[in-house]
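Letter by letter, the chains look like this.
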Amino acid sequence: MRDMITIPAGTVEIGAPDHHLDTIAAQQPYDRAWFEDEGPQHLLDIPTFQIDRTPVTNRDYADFVDATGYATAAEQRGFGLVYGHAYWQSEPGVCWHTPAPRVDAVTDRPDHPVVHVNHADATAYATWAGKRLPSEAEWEYAAHGPAWTPYPWGSDWNPLLVNSVEQWAGHIQTLDQWRAWWHERYDQHGCTPGTTPVGAYSPGGDSMFEVADIAGNVAEWTASSYRPYDPSATYDPALAAAMLHGYRVVRGGSWKHLRWQVRTTERIACTPDYSCFDLGFRCAADTDND
């Protein structure tokens, strides 16, 4: 089981300030409409809770499966979703315990975060462990503390503190540069997830609460439905549609993401039945006095 950290009750800045969204829009290929769901920044009172110090690992998930006989959605359908040479594709036989052909998650990567789990798969583990998934607000509070910072360690980007693309490929500014990196990586490693053992970037990459891997490595499911911070605001049509159709919030970005996706306020929306090779989770719990 994961070690848990108690996060004290607090009044927390949730979401990104307006000037930061302008900065992000000027730096990367997508316009500001793609990040409008991070605003407006607002204060939220969050009660005391606990959160796993690191994401759930392959060894953790194996304990759950051994105890319950649980079969994930990817196992039941017979394939996992991976990024191929040029786009997303189905890979037969790939699932949490075989994250890539000829890779055994438990034997080869016991301390790596589990992947190829959808929202129900993550929730089933959390319930078995006597825990739950964190809310989106709890996750963000654990990531940056009561005052907003774009990264868990502070304001300045540092690729050496997080498992993201730029740890391996250097500074990437355009989608074409990302594709060039990906093609080279795929030729060498295929669809094997680029995860690292949990806690590998501690303590430098930890949040102020010593929560590890909350940026990069794997993106993480939360318990929250994808909703606007301001219901009266106008959003990009793709974001607005996801807000209406039961999508769940994913946070933190992953090993294949750029610095913009591993920020503490980046919101990704996924259908609950979605799973792939860079999406995992960590658990939360209420405290005894709640």
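Now for a description of the structure that goes with this document. (Residues numbered from 1 in each chain as written. Predicted model: local features only at pLDDT ≥ 70, side-chain atom pairs only at ≥ 80, totals over all residues. Heavy atoms only, no water.)

### Quick word on the overall build of the protein chain
A count of helices and strands for the protein chain gives 9 helices and 11 strands. Over its C-alpha trace the protein chain gives a radius of gyration of 18 Å, about what one expects of a compact globule, namely 19 Å for 290 residues. With respect to the three principal axes, the spread of C-alpha positions in the protein chain is 50 × 45 × 40 Å. Here the protein chain, with 290 residues, has 54% of them falling under the buried criterion. Sequence separation of at least 24 residues holds for 78% of the intrachain contacts in the protein chain that already meet a minimum separation of 6. In the structure as shown, the protein chain presents an accessible area of about 12000 Å², 53% of it carried by carbon and sulfur atoms. (Helix = DSSP H or I, 4+ residues; strand = E, 2+ residues; numbered from the N terminus. Rg over C-alpha atoms; globule rule 2.2 N^0.38 Å. Buried < 20%, exposed > 50% of the residue type's maximum accessible area, 1.4 Å probe, protein only. Contact = heavy atoms within 4.5 Å. Areas by Shrake-Rupley, 256 points an atom, 1.4 Å probe, with all protein chains shown as cover.)

### Details of the packing of helix α2 (residues 58-68) against helix α5 (residues 119-128)
α5 packs onto α2 with a crossing angle of 75 degrees between their chain directions and a minimal axis gap of 10 Å. With respect to their mutual orientation, α2 and α5 come out roughly perpendicular. Contacts between α2 and α5 involve Asp-60, Tyr-61, Asp-63, Phe-64, Ala-67 and Thr-68 from the first element and Asp-121, Ala-124, Tyr-125 and Trp-128 from the second. Here the residues of the contact of α2 with α5 sort into 6 nonpolar, 1 polar and 3 charged. (Axes fitted to C-alpha atoms, helices over the stretch in contact; angles between N-to-C directions. Parallel < 35°, antiparallel > 145°, perpendicular 65-115°, else oblique. Nonpolar A, V, L, I, M, F, W, Y, C, P; charged D, E, K, R; others polar.)

### A look at the pairing of strand β8 (residues 248-251)
Where strand β7 (residues 219-225) and β8 come together, 3 bridges link them in antiparallel fashion. Bridge assignment links Trp-221 to a residue of β8, and that residue is Val-250. (Pairing = 2+ DSSP bridges.)

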